[in-house]
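Chain by chain, the residues run as shown.
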Amino acid sequence: MNQLMAHKVQLNFNWCGKSGWKGTSQTPKRAFGGMRLAKTTTRAILKNPLTKVSEAEVQKHIMIWLRNAGDRNGGRKRREARNTFCATTVEDTVAEESD
């Protein structure tokens, strides 16, 4: 799938096109499931004689792949660094206020 979509494009899609996880996303994502690319990719995988999977399994794996797009290309490290910085800032503020 990385060959089909650039990382910045991956971030804008999920299977159904709804908002991000539990509505935390600021902008709604586009639906990949209804696109011709999704149908073509699914069909290609199903036609491959080396793969013995159902259409539902292919779709499930594409959903997972799209869901984890934010963690690729250093996204997880950036998020962890930001959360660590925020936690450190809060701890420093609490320590200063208690002094």
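Starting afresh in each chain, residues are numbered from 1 along the sequence in its written order. Per-residue local features are limited, in this predicted model, to residues with pLDDT of at least 70; the limit for side-chain atom pairs, both in listing and counting, is 80 or more; totals at the level of whole chains, interfaces and linings are taken over all residues. Side-chain measures here rest on the full set of heavy atoms in the structure, leaving out hydrogens and waters.

Participant: Give a description of the overall build of the chain that names residues and reports values.
Facilitator: Where helices and strands are cited, they refer to DSSP runs of H or I of at least four residues and of E of at least two residues respectively, numbered from the N terminus. Along the chain, the regular secondary structure elements total 4 helices and 2 strands. Reading the chain from its N terminus to its C terminus gives the helix and strand order α-β-β-α-α-α. Relative accessibility decides the category of a residue: with a 1.4 Å probe and only protein chains considered, values under 20% of the type maximum give buried, values over 50% give exposed, and everything between is partly exposed. Evaluated residue by residue, the chain yields a buried proportion of 18% over its 99 residues. Throughout, a residue-residue contact means that at least one pair of heavy atoms, one from each residue, lies within 4.5 Å. When contacts within the chain are restricted to residue pairs at least 6 apart in sequence, long-range pairs at least 24 apart make up 38% of them. In this description, accessible areas are obtained by the Shrake-Rupley approach with a 1.4 Å probe, and a residue is regarded as covered only by the protein chains that are shown. For the chain, the exposed surface amounts to about 7,700 Å²; the carbon and sulfur share of it is 55%.

Participant: Tell me about the packing of helix α2 (residues 36-47) against helix α3 (residues 55-67), residues and numbers included.
Facilitator: The N-to-C vectors of α2 and α3 enclose an angle of 125°; their axes lie 10 Å apart at closest approach. In terms of their interaxial angle, α2 and α3 are classed as oblique. Remark: the crossing between α2 and α3 carries right-handed chirality. Every residue of α3 that contacts α2 at Thr41, Thr42, Ile45 and Leu46 is listed here: Glu55, Val58 and Ile62. The class makeup of the residues in the contact of α2 with α3 is 4 nonpolar, 2 polar and 1 charged. Only the stretch in contact is used when fitting a helix axis, every axis being a line fitted to C-alpha atoms; angles between N-to-C directions are given from 0 to 180 degrees. Convention used here: angles under 35 degrees read as roughly parallel, angles over 145 as roughly antiparallel, angles from 65 to 115 as roughly perpendicular, and any remaining angle as oblique. By convention, the crossing between two helices is left-handed when the near helix turns anticlockwise from the far helix through less than a right angle, and right-handed when the turn is clockwise. Residue classes follow a fixed rule: Ala, Val, Leu, Ile, Met, Phe, Trp, Tyr, Cys and Pro count as nonpolar, while Asp, Glu, Lys and Arg count as charged, and any other residue, Gly among them, counts as polar.

Participant: Please set out the side chain of Thr42 residue by residue, giving values where relevant.
Facilitator: Note that Thr42 resides in helix α2. For Thr42, a relative accessible area of 5% puts it in the buried group. For the purposes of these results, a polar contact is taken to be a pair of N or O atoms within 3.5 Å, where, inside protein, one atom must be able to donate a hydrogen and its partner to accept one; residues adjacent in sequence count only when each atom of the pair is a side-chain atom. A distance of 2.8 Å separates a polar side-chain atom of Thr42 from the backbone oxygen of Ala38. Among residues more than four places away in sequence, those in contact with Thr42 are Glu55, Val58 and Ile62.

Participant: Tell me about the nonpolar core, residues and numbers included.
Facilitator: Counting 9 residues, the largest nonpolar core consists of Met5, Phe13, Trp15, Phe32, Ala38, Val58, Ile62, Trp65 and Leu66. Not counting the four nearest positions on each side in its chain, Phe32 is found in contact with Met1, Met5, Phe13, Asn14, Trp15, Leu37, Ala38, Ile62 and Leu66. Among the buried residues, those of types Ala, Val, Leu, Ile, Met, Phe, Trp, Tyr and Cys that are joined through side-chain atoms within 4.5 Å form a nonpolar core.

Participant: Report on a positive patch on the surface, specifying residues and quantitative values.
Facilitator: A contiguous patch of positive charge on the surface is contributed by Arg36, Lys39, Arg43 and Lys47. Take Arg36: its relative accessible area is 72%, and that puts it in the exposed class. Residues forming no salt bridge and having over 30% relative accessible area are the ones grouped into patches, like charges within 9 Å of each other and nonpolar side chains (Val, Leu, Ile, Met, Phe, Trp, Tyr) within 5 Å. Whenever a carboxyl oxygen of Asp or Glu lies within 4 Å of a side-chain nitrogen of Lys or Arg, that contact is scored as a salt bridge. Only four residue types enter the charge count, namely Lys and Arg as positive and Asp and Glu as negative; His and the chain termini do not. Lys charges are placed at NZ, Arg charges at CZ, Asp charges at CG and Glu charges at CD.

Participant: Before we move on, can you summarise the packing of aromatic side chains with the specific residues and values?
Facilitator: Note on aromatic pairs: each is described by the distance of the centres and the angle between the planes. To pair, rings of Phe, Tyr and Trp, with the six-membered ring standing in for Trp, must have centres within 6.5 Å; the planes then decide the type, stacked if under 30 degrees apart, edge-to-face if over 60, and tilted in the middle. Within this structure, the stated rule accounts for 2 aromatic pairs. Between Phe13 and Phe32 the ring centres are 6.2 Å apart and the planes differ by 85°, which places this aromatic pair in the edge-to-face class. With Phe13 in strand β1 (residues 13-14) and Phe32 in the loop between β2 (30-31) and α2, the pair connects residues that are 19 residues apart, well separated along the chain. In terms of burial, Phe13 and Phe32 fall into one category: buried.

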